[in-house]
Amino acid sequence: MSGPKTRRVQLTAEQIEEMRRRRERELLRERRIIEFGRKRNDFLQNLQNSPSVSKIMAELRKNAERSGSFTVLTEKDVSERICAIRKDIESLHLKMTADDTEVMRAYDSFRSLKEKHYRILAEISEEKERLDREYREKLRRLNELKQTVSSLSEEIGSILRENETQLHMLQEKISQYDIKSPEAYTGLHKKHEKSSSEFSELLSKAGAAGDNENELRQTVDGLQAVRAAVSTFSLSCAETRELIVSNYVNRLSDDISTLLQKIREREEEEQEKVRAEAARKAAEAEKKRAEKTAELQKLYDTARRKFAETVSSRNVPEKQAEKLNNLQELWAEATETHAGDPDYLRSFFSISIEPKIKRISADIAEWNSLLNEYNDRLLTYETLCQQLGAVPARFALTESSLVHMDSAIADLREAIDLREQELYIRKSIDEIMQEMGHDVLGYGKSDYSGADHRALYRFADNTAIGVTIDEDNNVCMELGGLDTTDREPDEREAMMLEEDMKNFCSDYRMIKEKLKARGIELLEGHELPPSAEYSQILNLTDYDIDERTMEEIMTSGRHTASQEEKKHLTIDK
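Residues numbered from 1 in each chain as written. Predicted model: local features only at pLDDT ≥ 70, side-chain atom pairs only at ≥ 80, totals over all residues. Heavy atoms only, no water.

Check the secondary structure of the chain and you find 13 helices and seven strands. Judged by the C-alpha coordinates and their principal axes, the chain covers about 190 × 45 × 30 Å. Put simply, the chain has 573 residues, and 36% of those count as buried. Look at the contacts in the chain between residues 6 or more apart in sequence, and 75% of them connect residues 24 or more apart. (Helix = DSSP H or I, 4+ residues; strand = E, 2+ residues; numbered from the N terminus. Buried < 20%, exposed > 50% of the residue type's maximum accessible area, 1.4 Å probe, protein only. Contact = heavy atoms within 4.5 Å.)

Of all seven residues that make up strand S4 (residues 463-469), six are buried, and the element is covered over most of its length. Here strand S3 (residues 453-458) runs beside S4; their pairing, made up of six bridges, is antiparallel. Note on S4: the bridge partner recorded for His-453 is Ile-469. The antiparallel pairing of S4 with strand S5 (residues 474-483) creates a hairpin that spans four residues between the two strands, and Asn-473 there sits at a positive phi of about 65°. (Pairing = 2+ DSSP bridges.)

Let us now look at the packing of aromatic side chains. Taken as a whole and assessed by the stated rule, the structure comprises nine aromatic pairs. With a centroid separation of 5.8 Å and an interplanar angle of 75°, the aromatic rings of Phe-36 and Phe-110 are classed as edge-to-face. Of this pair, Phe-36 sits in helix H1 (residues 13-49) while Phe-110 sits in helix H4 (residues 100-177), and the two are 74 residues apart along the sequence. One cation-aromatic arrangement involves Arg-32 over Tyr-107; the distance from NZ or CZ to the ring centre is 4.5 Å. The aromatic ring of Tyr-300 is capped on one face by Arg-136, whose charged end is 4.2 Å from the ring centroid. (Phe/Tyr/Trp six-rings, centres within 6.5 Å; stacked < 30°, edge-to-face > 60°. Lys NZ or Arg CZ within 6 Å of the ring centre and 35° of its normal.)

What follows concerns a negative patch on the surface. Side chains of Glu-239, Glu-265, Glu-268 and Glu-269 sit close together on the surface and give a patch of like negative charge. With respect to the element layout, Glu-269 can be found in helix H8 (residues 254-311). Of the residues examined, Glu-269 reaches a relative accessible area of 47% and is grouped as partly exposed. (Patch = residues over 30% accessible without salt bridge, like charges linked within 9 Å, V, L, I, M, F, W, Y side chains within 5 Å. Areas by Shrake-Rupley, 256 points an atom, 1.4 Å probe, with all protein chains shown as cover. Salt bridge = Lys/Arg side-chain N within 4 Å of Asp/Glu carboxyl O. Lys, Arg positive; Asp, Glu negative; His and termini not counted. Charge placed at Lys NZ, Arg CZ, Asp CG, Glu CD.)

Our next topic: the confidence of the model for the chain. Summary statistics for the chain give a mean pLDDT of 83 and a share of 92% for residues scoring 70 or more. Predicted confidence is poor over residues 447-451, with pLDDT under 50, and the contacts of this stretch with residues over four places away or in other chains come to four contacts. Below a pLDDT of 50 lies the segment residues 562-573, which in the model reaches three contacts outside its immediate sequence neighbourhood of four places, other chains included. (pLDDT = per-residue confidence, 0-100.)

Helix length check: H4 (78 residues) gives 112 Å between terminal C-alpha atoms against 116 Å at 1.5 Å per residue, within 8%. Measuring from the side-chain oxygen of the N-cap residue of H4 to the backbone nitrogen of Thr-101 gives 3.2 Å; that N-cap residue is Asp-99. Positive phi appears at Asp-178, one or two residues downstream of H4, with a value of about 55°. (Expected span 1.5 Å × (residues − 1). Polar contact = N/O pair within 3.5 Å; in protein donor to acceptor, adjacent residues only side chain to side chain.)

In the contact formed by H1 and helix H11 (residues 399-435), the axes pass within 11 Å of each other and the chain directions differ by 120°. By the criterion of interaxial angle, the relationship of H1 to H11 is oblique. For the crossing formed where H1 meets H11, the hand is right-handed. Residue-level inspection shows Gln-15, Ile-16, Met-19, Arg-20, Arg-23, Glu-24 and Leu-27 of H1 in contact with H11, the latter providing Arg-413, Ile-416, Asp-417, Glu-420, Gln-421 and Tyr-424. Looking at side-chain class alone, the contact of H1 with H11 contains five nonpolar, two polar and six charged residues. (Axes fitted to C-alpha atoms, helices over the stretch in contact; angles between N-to-C directions. Parallel < 35°, antiparallel > 145°, perpendicular 65-115°, else oblique. Left-handed = near helix turned anticlockwise from the far one by under 90°. Nonpolar A, V, L, I, M, F, W, Y, C, P; charged D, E, K, R; others polar.)

Bringing a positive patch on the surface into the picture now. Taken together, Lys-319, Lys-323, Lys-356 and Arg-359 make up a surface patch of like positive charges. For the positive patch, the secondary-structure elements that each account for two or more residues are helix H9 (318-337) and helix H10 (342-388). Locating Lys-323 in the fold gives a position in helix H9. Classification of Lys-323 as partly exposed rests on a relative accessible area of 37%.

The contact between H4 and helix H6 (residues 213-231) brings their axes to 9 Å, and the two run at 25°. The orientation of H4 relative to H6 falls into the category roughly parallel. Note that H4 runs across H6; the crossing there is left-handed. For the contact of H4 with H6, a count of residues per class yields 12 nonpolar, six polar and seven charged.

Counting across every chain of the model gives 40 salt bridges. Across the salt bridge formed by Glu-137 and Arg-140, the nearest N and O atoms sit 2.0 Å from each other. With Glu-137 and Arg-140 both in helix H4 and three residues apart, this pair spans about one turn of that helix. What makes Glu-137 partly exposed here is its relative accessible area of 29%. For Arg-140, a relative accessible area of 15% translates into the label buried. In this structure, the salt-bridge partner of Glu-435 is Arg-518, at a minimum N-O distance of 3.2 Å. Of this pair, Glu-435 sits in helix H11 while Arg-518 sits in the loop between helix H12 (491-517) and strand S6 (520-527), and the two are 83 residues apart along the sequence. One salt-bridge network, held together by shared partners, links Arg-20, Arg-23, Glu-24, Arg-413, Asp-417 and Glu-420.

Within the secondary structure, Asp-417 is located in helix H11. In this view, Asp-417 contacts Arg-20 and Arg-23; residues no more than four positions away in its chain are not counted.

Here Val-391 is to be found in the loop between H10 and H11. The class of Val-391 is exposed, set by a relative accessible area of 74%.

Here we take up the pairing of S5. Counted residue by residue, S5 has eight buried out of 10 residues, so it is predominantly covered. Direction of pairing for S5 relative to strand S7 (residues 537-539): parallel, over a ladder of three bridges. Residue pairing for S7: Leu-482 is matched across the bridge by Leu-538.

Encoded structure:
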């Protein structure tokens, strides 16, 4: 049975699975190359869109100036390091032909450069936090100094009023006893006037100091000196009162002297109680100040951590980034305005800041989840398009687009499967034909209308095997004579072709066995017996064959035909 044969071929499951595994490995490699280029370009774009080094350093210098400190980072050093990282990343390129080792090396270099950049950003962030901390500490000190000024002013004012009252009482005693004012009383009066004058000057100085820490500190020192001076006034008054009484009762009995001694001891006890109470209040105030400072720092650290966790290792859409930035500015303004009020800041953070951070974080997480799924599908889709030479379509970043992308990816995979199966079948037939000595004469011209793939293989000097594979993988093998025109064979050629068909029978059986060994099965179809009825002439001009080869074929064919003709003439005679 070696007439025209038509069968549908199909790859074995094992062969298809091996081709798919090989294609998946290649897809993964090409996908990583495309993903590397995208990550590299995104990182460079982020570098370009990020604030300039000059702007960042200007902000750091501004923060240093308002905190009364300085920044250890220099614009030149930061700029040179970032420029070096940008140049190194720009120099990283991967061709689509790069092997896995080159891809891994490029990824390692890219990760190392990103880590260097993140370390620079961390240094800038830490420096900013340090300057902000120093500024808050300055605000705290100013607040404490102002509170101390207020407290001392109130305390000294109260003492001066009390001292004024005591002076009036002494004057009344002197009038009552009708004695001359002792020098001690005159000294007390001058001391009181001096303290009152110094106190007024210090209050004026405190009002003019504003936020000048040194001026406020000097004012506090002055007020403390005044307080120390006026705090002993009461004791001096007591001594003066004793002197007045002593002058008055100089002639009184020892009982009166004893009574006076008891009075003095009582007054000393009262003074000791006053000093102990003042020390207790000072210690309590210091304890509260330390607790307030620790509470404020804990609140600042919590807020900074919440803001940092919101954007940590995630892409942030522009809308959410703007909301987060506005929220940070709102918090910064609140901490500056209420630097010494932890109760207000705690309440403000829990009500106005933290719930909004949670909502923004949830929005960012949802957007990142969609973005990751979108990028994963887009990378697979573009890689498959590149393999097929197709132009990728555009997909919006939406949930519904993911469904459309899955459908498009499935269609592309199916198309690649079919293409690879077709190419494998064509390549296998080519190789088997050449193994059996049937060299390829040419393939069908691209502008020929009809089957998808046609090939012509030499069988004898003037005959060839024509193989046609259509889009459904139906394979047709026909043996025919050769010429450069479309025509039917004459009777003599038909008889010769019938003999060649019979000789091709064994080759055809071997071709089927070799195809099966390669995982290609010949399914349903039909095989016609060798017969002159099925003989045909194949037109060489329908195939891409160079002129020299065509001339050799035609010359060989004429020579063979001449010999056959002579043989027939001899037989006839």
